[in-house]
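# Secondary and tertiary structure notes
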Amino acid sequence: MKKRTRIILACGFVSLGLVIAYFLFAGLVMHRGASDTLRVGPLAEQLMPETRPVDPRELGYRGDPREAFGLPFETVSIDGELGPAKTWYVPGGRAESDLVAIYIHGVAGGREDGYRHLELLHGAGISTALISYRNDEAAPASPDGHYAFGLTEWRDLESAVIAMRARGYERVVLVGDSMGGAIVGQFLRRSVQAEHVAGIALDAPALDFRAILAFIGGRAGAVFPHLVTEVAMAMFRLEGPVDLSQADVRAEIVGFDGPLFIAHGTGDTVVPVSITDRIVIRRQGMTFLLRSSGDHLLSYIEDPERYARVFDGFLGALD
């Protein structure tokens, strides 16, 4: 009997060791994959289409607002924490308006990704600033060469808000795509300029790094992806220089009391639509939800007219 007990205990210890080894290995793989994704350079190369789109409303198009839509614009140099970054400022048609929109692109994206919104904003007469932030081609590089999921980039958005206020705009509409939503959320949490935000528009917002990591891990076949994610998050905390466990700004979006536009597709393979679902359920403020079946940031492409109708409703709520 004692021998049998020892065998059972030995098997138990071996099984426990295998489980621990699995979580450590899977967590390491997840950590390395996510770290590589946040490293400046490789993801941008991966996302670059073989042929550049000619339609400025498609992601991947490159060219200034005049080339895209024939719109007059000004290239503005905004002094930020790391140095000057270039912004395209497109004046709107509203005379003496105190409202300006600021577009913030996602990870490894570009200012041109905001052209879908620029067309709608300009049509409503709203001036728009399409900003660049640290690690963009038109902005300084960060010391560690990584995107920080909004934990550092929010300071560049703050500099843009200050610059627009210096032009006489006291109300700001923040428009964020994907990781741009994370930047918006960190700005709401940390900046004294957040009181000037009149409205927020988000598309496929990446508001919770941990949830996104678990979602992608599960799609990749990880067993118990949420537990593996916790191992990976511990590795991120040890590695630094930013604590990505703080990259969760769902509460800030839920608590924002102004109008919110949010678009998200159920076919999103990058950011789980459940993040948006929970925010919409918990919010008490005015919310304009556009639900599509599209993949990441493709809700507009699925039905541009419907997207425009819902977005115009959101803009009307700002007046």
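Read on for an overview of the structure. (Residues numbered from 1 in each chain as written. Predicted model: local features only at pLDDT ≥ 70, side-chain atom pairs only at ≥ 80, totals over all residues. Heavy atoms only, no water.)

### Regarding the nonpolar core
- The biggest cluster of nonpolar side chains holds 56 residues, and the ones touching the most others in it are Ile102, Phe149 and Phe209.
- At six residues, the largest contribution of residues to this core is made by helix 6 (residues 179-190).
- Excluding residues within four positions of it along the chain, phenylalanine 209 makes contact with Ala34, Leu38, Phe149, Met233, Phe236, Leu244 and Ala247.
- Tyr61, Leu71, Tyr103 and Leu121 belong to the second-largest nonpolar core, a separate cluster that totals 30 residues. (Core = buried A, V, L, I, M, F, W, Y, C linked by side-chain atoms within 4.5 Å. Buried < 20%, exposed > 50% of the residue type's maximum accessible area, 1.4 Å probe, protein only. Helix = DSSP H or I, 4+ residues; strand = E, 2+ residues; numbered from the N terminus. Contact = heavy atoms within 4.5 Å.)

### What about unusual backbone geometry?
- In this structure, alanine 108 is a non-glycine residue whose phi angle is positive, near 65 degrees.
- In this fold, alanine 108 is placed in the loop between strand 3 (99-104) and helix 4 (115-123).
- In this structure, phenylalanine 149 is a non-glycine residue whose phi angle is positive, near 55 degrees.
- You can see phenylalanine 149 is positioned in the loop between strand 4 (127-130) and helix 5 (154-166).
- Judged by its relative accessible area of 8%, phenylalanine 149 is buried.

### So, the side chain of threonine 128
- Tracing the chain through its elements places threonine 128 in strand 4.
- Looking at threonine 128, its side chain comes within polar contact range of the main-chain oxygen of isoleucine 126, at 3.3 Å. (Polar contact = N/O pair within 3.5 Å; in protein donor to acceptor, adjacent residues only side chain to side chain.)

### Focus on the packing of helix 7 (residues 209-219) against helix 8 (residues 225-239)
- Contact pair helix 7 / helix 8: the axes reach a minimum separation of 9 Å and the direction vectors enclose 130 degrees. Judged by the inter-axis angle, helix 7 sits oblique to helix 8. The handedness of the crossing between helix 7 and helix 8 is right-handed. Seen from helix 7, the contacting residues are Phe209, Arg210, Leu213, Ala214, Gly217 and Gly218; seen from helix 8, they are Pro225, His226, Thr229, Glu230, Ala232, Met233, Phe236 and Arg237. (Axes fitted to C-alpha atoms, helices over the stretch in contact; angles between N-to-C directions. Parallel < 35°, antiparallel > 145°, perpendicular 65-115°, else oblique. Left-handed = near helix turned anticlockwise from the far one by under 90°.)

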